[in-house]
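Chains, contacts and geometry: an overview
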Amino acid sequence: MKALIDRYRDFLPMTPSTPVVSLGEGGTPLVPLPRLSERLGVRVLAKYEGMNPTGSFKDRGMTMAVSKAVEEGATAVICASTGNTSASAAAYAARAGLTVAVVIPEGKIAAGKLAQALVHGARVLSLDGSFDDALRVVRELVERHPISLVNSLNEYRIDGQRTAAFEVCDDLGDAPDALCIPVGNAGNISAYWLGFQAYREAERARRLPRLYGFQAAGAAPLVEGAPVARPETVATAIRIGNPARGEQALAAMRDSGGAVAAVTDSQILEAYAMLAREEGIFCEPASAASVAGLILRARAGDIAPGETVVCVLTGHGLKDPDTAIVNAEPVRRLPATLDAVEEAVFA
Ligand code: F0G
């Protein structure tokens, strides 16, 4: 398969001397959700970004950011992260032969993401603070040292992440009526909006979708209109109190005719379990915020019957095995006998 950068090279700021650092990212499936569609009376599809090489959408931006870092002669990259950015940065830096450091909030990173950063050889630094604290520190650090910041403040990250919007349009033949997406540091929703606009300008799509962004209720600065000092949510990926691209994201939602809203942890976990049990799709809790939000929007009448809606499932469920296990029925332990197993299977 062609690297994502090569597939959409016309839309990306590549030069002949930019190397392509790729792990086969992008090209993720747009999976219909028939049960949810029937229940809501709308056509719902999931953009399953968990199918990227490191299991999240971050790879779209990281292939660009790391390729550009190499072109510009960087030898090291750094990011603050709730987990997925660090996993992706670690993998792409390993691929490119760069040194990588990741700064994470203590104890609030899902196990799979931490394992990824460690296995790829990142220097993992855990701060006694939030993601927002970590981002503030790394922003100051890159002012002092020649090290490339690969958070979504990096424009190349946004350039690369726009490709998800291109793929949605290519698969549907046009933009959908609406796009539902979780919002953390607000880079991804901003990238989608830029992507849909670029595609329409290039006449590869005829229309623009309404963008609906969803934050976790305990970490909803854009809904509340002010930073949240101590964000809390089961959706650790979006446990962010002061999004770097908050203003840009709010403008995107407003200009598109959409809106921002909060979903509670229990709504997130309900959507998460529903996707896994009824649609066969395992995403991480933050990703399920898009579906929890769609359900709210549809019930509020914001989605017209028969409209096509894409929910972005940003990361794979395997990222966070602990949340999956804690919220499921316990495993039953049995003696190793036919009777016991027969009884348990058919009970
Ligand atoms: N979903 C997942 C699974 C994420 O990891 C993130 C962000 C988001 C949604 C929100 O995207 O920040 O562009 O609005 N994760 C970042 C990280 C913050 O460090 O991995 P956003």
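This text gives an overview of the structure that appears in the document. Predicted model, so just to flag it, every value in this text is computed and none were measured.

Conventions adopted
Residues numbered from 1 in each chain as written. Predicted model: local features only at pLDDT ≥ 70, side-chain atom pairs only at ≥ 80, totals over all residues. Heavy atoms only, no water. Pairing = 2+ DSSP bridges. Helix = DSSP H or I, 4+ residues; strand = E, 2+ residues; numbered from the N terminus. Expected span 1.5 Å × (residues − 1). Buried < 20%, exposed > 50% of the residue type's maximum accessible area, 1.4 Å probe, protein only. Axes fitted to C-alpha atoms, helices over the stretch in contact; angles between N-to-C directions. Contact = heavy atoms within 4.5 Å. Core = buried A, V, L, I, M, F, W, Y, C linked by side-chain atoms within 4.5 Å. Near = heavy atom within 4 Å. Polar contact = N/O pair within 3.5 Å; in protein donor to acceptor, adjacent residues only side chain to side chain. Areas by Shrake-Rupley, 256 points an atom, 1.4 Å probe, with all protein chains shown as cover. Nonpolar A, V, L, I, M, F, W, Y, C, P; charged D, E, K, R; others polar.

Turning next to the sheet that holds strand E6 (residues 148-149). If you trace the four strands from one edge of the open sheet to the other, you get E5-E4-E3-E6, paired in parallel fashion. Of all the strands in the sheet, the pair left with one neighbour each is strand E5 (123-127) and E6. The pairing of strand E4 (residues 99-105) with E5 spans five bridges and is classified as parallel. Looking at the pairing, Val 102 lines up with Val 124 of E5.

With 14 residues, helix H3 (residues 58-71) ought to run about 20 Å at 1.5 Å a step, and its terminal C-alpha atoms sit 20 Å apart, in line with that. Across the 14 residues that make up H3, a large majority, 12, are buried. The complete set of buried residues in H3 reads Lys 58, Asp 59, Arg 60, Gly 61, Met 62, Thr 63, Met 64, Ala 65, Val 66, Ser 67, Lys 68 and Ala 69.

One open sheet accounts for six strands, arranged E1-E2-E10-E7-E8-E9; its pairing is mixed. Lying at the two open borders of the sheet, with one neighbouring strand each, are strand E1 (30-32) and strand E9 (259-263). Neighbour-to-neighbour, the strand axes of the sheet open up by a mean angle of 25°, direction not taken into account. As paired elements, E1 and strand E2 (residues 43-48) share three bridges and run antiparallel to each other. Bridge assignment links Pro 32 to a residue of E2, and that residue is Leu 45. Strand contacts of helix H9 (residues 187-201): E2, strand E7 (178-182), strand E8 (210-216) and strand E10 (308-313), with the helix running at about 155° to E7, the strand carrying the most contacts.

Take the nonpolar core next. As a rule of thumb, nonpolar side chains are buried together in soluble globular proteins. Formed by 37 residues in total, the largest nonpolar core has its most connected members in Leu 36, Val 291, Leu 294, Ile 303 and Leu 313. Listed by contribution, the elements that provide at least two residues to this core are helix H2 (34-40), E2, E7, E8, E9, helix H12 (265-278), helix H13 (285-299) and E10. Ranked by residue count, the leading element in this core is H13, at eight residues. In this structure, Leu 12, Ala 164, Ile 189 and Ala 252 belong to the second largest nonpolar core, which totals 33 residues.

Right, let's talk about the site of the ligand for a bit. As a matter of local geometry, the ligand sits amid 19 residues, with Ser 81, Thr 85, Asn 185, Asn 188 and Thr 314 nearest to it. In this structure, an oxygen atom belonging to the ligand sits 2.8 Å away from a main-chain N or O atom of Asn 188. For the ligand, whose accessible area on its own is 470 Å², the fraction buried by protein is 98%. When residues of the shell around the ligand are traced back to their parent elements, those giving at least two are helix H4 (84-96) and H9. When its residues are assigned to classes, the shell around the ligand shows seven nonpolar, 10 polar and two charged.

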